[in-house]
Amino acid sequence: MKQRVITGVLGAAGFLFLLWMGGWWYTGLVGLLATVGYAEYCRMNRVKWNSLQAAVGFLLVWLLFLSGLVSVVPLPFTGVFHSPENILIGLILFFLLTVWTKNRVNIHETAYLLVGALYIGYGFSFMMQLIWRHDGWAWTLLILLITWTNDSGAYFVGKRFGRRSLWPAISPNKTVEGSIGGIMFSVLMGVVAGWILPIETEPLALLGISLLVAVTGQLGDLVESAWKRTTGVKDSGMLLPGHGGVLDRFDSLLFSLIVLKVCQLI
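What counts, and where the lines are drawn
Residues numbered from 1 in each chain as written. Predicted model: local features only at pLDDT ≥ 70, side-chain atom pairs only at ≥ 80, totals over all residues. Heavy atoms only, no water. UniProt positions renumbered as here; feature names shortened; annotations may be inferred. Helix = DSSP H or I, 4+ residues; strand = E, 2+ residues; numbered from the N terminus. Core = buried A, V, L, I, M, F, W, Y, C linked by side-chain atoms within 4.5 Å. Buried < 20%, exposed > 50% of the residue type's maximum accessible area, 1.4 Å probe, protein only. Axes fitted to C-alpha atoms, helices over the stretch in contact; angles between N-to-C directions. Parallel < 35°, antiparallel > 145°, perpendicular 65-115°, else oblique. Contact = heavy atoms within 4.5 Å. Nonpolar A, V, L, I, M, F, W, Y, C, P; charged D, E, K, R; others polar. Pairing = 2+ DSSP bridges.

Okay, the UniProt feature "transmembrane region" (unreviewed entry) in the protein chain next. Summarizing the sequence annotation, UniProt attributes the feature "transmembrane region" (unreviewed entry) to residues 12-39, 51-73, 79-99, 111-131, 137-157 and 178-197 in the numbering used throughout. Secondary structure across residues 12-39 comprises 96% helix and 0% strand; the distance between its end C-alpha atoms is 22 Å. Summarising residues 51-73: 83% helix, 0% strand, and an end-to-end C-alpha distance of 32 Å.

Below you can see the structure in the form of structure tokens.
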């Protein structure tokens, strides 16, 4: 627990500092997280990060990230990177790779890598795009506070009052009581933080967004737990002592951002 707290405090401080710096500083951080996150994703299924199939996945992640970047920042070759058809490059390359390697890189592996590239590329891209709004730092901080409170609330309430397993086949340590506690505390945090931060939204909308982020955050955590059970690993990585890897820390946030984007709330 001591190691977990120290890592969490130092990591959060560094992250919030770059969030405060904003712009290209924060964009660079998110791009780095996306790259490390995809390397962890490859490792989970024992795919070497420097293999040809992983290189195709990295290319797709960066294409998605750049596509999101040019949608909010005027850059050279905007038309090239912003074209949705370019997302199909990764799909075509994966198909050709199965033939080129004579099925050594098979359809199951390429499907795994493709899904991860879409999830990580889009998730971190939406995370990056948010900072370029005029009130983006406030919205980013709000979503972060809701997510962090959700994780902490579920952990401590589950430890103290947890009796019934939430989804034992996927994550046996999570409890129904912890899940409810995490949602309650995170919604409360969202309402309070939204009232303090310079965010232009109606109170009822703020309550709904807080609830949506809390629920989808827990679903995102379960999604990664299911992946780890499938691949037989405990943590996605070892970058953050006591916390695992980048995906272990950002799984809830990525899933929430994708749902918020689908609902056109960011």
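What follows concerns the nonpolar core. Core analysis: the largest hydrophobic core is formed by 58 residues, its most contacted members being Phe15, Tyr38, Ile120, Phe124, Met127, Leu142 and Phe250. Looking at which element gives the most residues to this core, the answer is helix H6 (residues 107-130), with 10 residues.

Where helix H2 (residues 23-44) meets helix H10 (residues 246-262), the axes come as close as 9 Å, and the angle between the chain directions of the two elements is 110°. As the angle between them shows, H2 and H10 are arranged roughly perpendicular. Across the interface between the two elements, Leu33, Val36, Gly37, Glu40, Tyr41 and Met44 from H2 touch Val246, Leu247 and Phe250 from H10. Of the residues belonging to the contact of H2 with H10, the class tally is 7 nonpolar, 1 polar and 1 charged.

What follows concerns the environment of Trp62. You can see Trp62 is positioned in helix H3 (residues 52-70). As a C-alpha pair, Trp62 and Glu202 span 140 residues in sequence and 35 Å in three-dimensional space.

Of the strand pairs in this sheet, strand E1 (residues 165-167) and strand E2 (residues 171-175) are connected by 2 bridges, and their pairing is antiparallel. Within the sheet, the bridge partner assigned to Ser165 lies in E2 and is Thr175. In this structure, the hairpin formed by E1 and E2 is closed by a connection of 3 residues.

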